[in-house]
Amino acid sequence: AQSVTQLDSQVPVFEEAPVELRCNYSSSVSVYLFWYVQYPNQGLQLLLKYLSGSTLVESINGFEAEFNKSQTSFHLRKPSVHISDTAEYFCAVVDNAGNMLTFGGGTRLMVKP
Amino acid sequence: DVKVTQSSRYLVKRTGEKVFLECVQDMDHENMFWYRQDPGLGLRLIYFSYDVKMKEKGDIPEGYSVSREKKERFSLILESASTNQTSMYLCASRERVSYGYTFGSGTRLTVV
């Protein structure tokens, strides 16, 4: 079984500031890692994923995340946030059998002008 | 564009009612999932199905059942709704040999 911990339930930040949303996981087997974003009153959308290869993955809207196996982390970062990034962000893992996606508790990113 | 459609965006039901939440996907995916989303708890898996008429319990199946009579449709059933089932319910689907999940927009259920 695996579990995911998102240490911060809310992260307030000013527009154009950098941000890091933290995610740690535990698992006895190899996992694949995901970040999903949920804008207000919408479903979840995939932001980025790590399956294999380069440990640094990027999204089309400027977010990036780095898989750190030794620290069992997959933190999400953006060097300069916009108001439109205000949303809830979920870190998730799936075991290498791909059966079930396990989510963290979510981090609400609040970008202020 | 691939789609997972949940029939209701908002529902209000009374305690003790039988409630059906419907989910339809148009991607011919084998796997379908039902999650509930609660503040601070993230998404928790209720049930999933890896084929027609097949179902498996997730982490929190108590008080719920599911039905999958056709590949494209996966229904979540609350046999006797209770106030602690007030939540956002999200349906998702996935190809068998893929890790890409597609989510519906969710159904916000209030049980009064």
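Below you will find a few notes about this structure. (Residues numbered from 1 in each chain as written. Chains lettered and ligands numbered in written order. Predicted model: local features only at pLDDT ≥ 70, side-chain atom pairs only at ≥ 80, totals over all residues. Heavy atoms only, no water.)

Residue and element names in this part refer to chain A. Across the nine residues of strand 10 (residues 87-95), nine count as buried, placing the element largely inside the fold. The alternating pattern of strand 10 places Ala87, Tyr89, Cys91, Val93 and Asp95 and Glu88, Phe90, Ala92 and Val94 on opposite faces, both of which are buried. Both strand 5 (residues 31-38) and strand 10 contribute to a ladder of eight bridges, which runs antiparallel. By the bridge assignment for strand 10, Phe34 is matched with Ala92. Pairing analysis gives three bridges linking strand 10 to strand 12 (residues 107-112), with the strands arranged antiparallel. Looking at the pairing, Ala87 lines up with Leu109 of strand 12. Pairing of strand 10 with strand 11 (residues 101-103) involves three bridges; the strand directions are antiparallel. Bridging across to strand 11, Val93 finds its partner in Thr102. (Buried < 20%, exposed > 50% of the residue type's maximum accessible area, 1.4 Å probe, protein only. Helix = DSSP H or I, 4+ residues; strand = E, 2+ residues; numbered from the N terminus. Pairing = 2+ DSSP bridges.)

Let us look at the nonpolar core. One finds Trp35, Leu48, Phe74, Leu76 and Tyr89 of chain A to be the most contacted residues of the largest nonpolar core, which totals 29 residues. Mapped by element, the contributors of at least two residues to this core are strand 2 (10-14), strand 3 (19-21), strand 5, strand 6 (45-50), strand 8 (64-68), strand 9 (73-78), strand 10 and strand 12 of chain A. Contact partners of Phe74 of chain A, with chain neighbours within four places excluded, come to Cys23, Leu33, Phe34, Trp35, Leu48, Lys49, Tyr50, Val57, Ala65, Glu66 and Phe67 of chain A. With 21 residues, the next largest nonpolar core counts Leu21, Tyr64, Phe74 and Val111 of chain B among its residues. (Core = buried A, V, L, I, M, F, W, Y, C linked by side-chain atoms within 4.5 Å. Contact = heavy atoms within 4.5 Å.)

The interface of chain B with chain A comprises 18 residues on the first partner and 21 residues on the second. For the chain B and chain A pair, buried surface summed over both sides reaches about 1500 Å², with 57% attributable to carbon and sulfur atoms. If you sort the residues of chain B by the area they bury against chain A, Tyr99, Tyr101 and Phe103 of chain B come out on top, with a joint share of 38%. Counting every contact that joins chain B to chain A gives zero salt bridges. In this assembly, chain B and chain A are joined by five residue pairs in polar contact (both at pLDDT 80 or more). Elements with a contribution of two residues or more to the side of chain B that touches chain A: strand 5 (31-38), strand 6 (42-49), strand 10 (87-94) and strand 11 (101-103) of chain B. Class assignment for the residues of the side of chain B that touches chain A results in 11 nonpolar, five polar and two charged. (Buried area = accessible area lost by both parts, 1.4 Å probe. Salt bridge = Lys/Arg side-chain N within 4 Å of Asp/Glu carboxyl O. Polar contact = N/O pair within 3.5 Å; in protein donor to acceptor, adjacent residues only side chain to side chain. Nonpolar A, V, L, I, M, F, W, Y, C, P; charged D, E, K, R; others polar.)

The next point concerns the packing of aromatic side chains. Enumeration over the complete set of coordinates arrives at 15 aromatic pairs over all chains. Measuring from centroid to centroid gives 5.4 Å for Tyr36 of chain A and Phe103 of chain B, while their planes differ by 80°, and the two rings are edge-to-face. Remark: Phe103 of chain B occurs in strand 11 and Tyr36 of chain A occurs in strand 5; the pair is interchain, linking two chains. We note that Tyr36 of chain A, like Phe103 of chain B, is buried. With a centroid separation of 5.4 Å and 90° between ring planes, the pair formed by Phe103 of chain A and Tyr35 of chain B is classed as edge-to-face. (Phe/Tyr/Trp six-rings, centres within 6.5 Å; stacked < 30°, edge-to-face > 60°.)

Attention now goes to the pattern of salt bridges. When the charged atoms of two side chains lie near each other, side chains of opposite charge can form a pair. Going through the model one piece at a time under the given rule, you end up with 10 salt bridges over all chains. Arg77 of chain A serves as the salt-bridge partner of Glu20 of chain A, at 2.8 Å between the closest nitrogen and oxygen. Here the residue Glu20 of chain A occupies a position in strand 3, and Arg77 of chain A occupies one in strand 9, the gap between them amounting to 57 residues. Owing to a relative accessible area of 28%, Arg77 of chain A belongs among the partly exposed residues under this scheme. One network of salt bridges, with partners in common, ties together Arg36, Asp38 and Arg44 of chain B.

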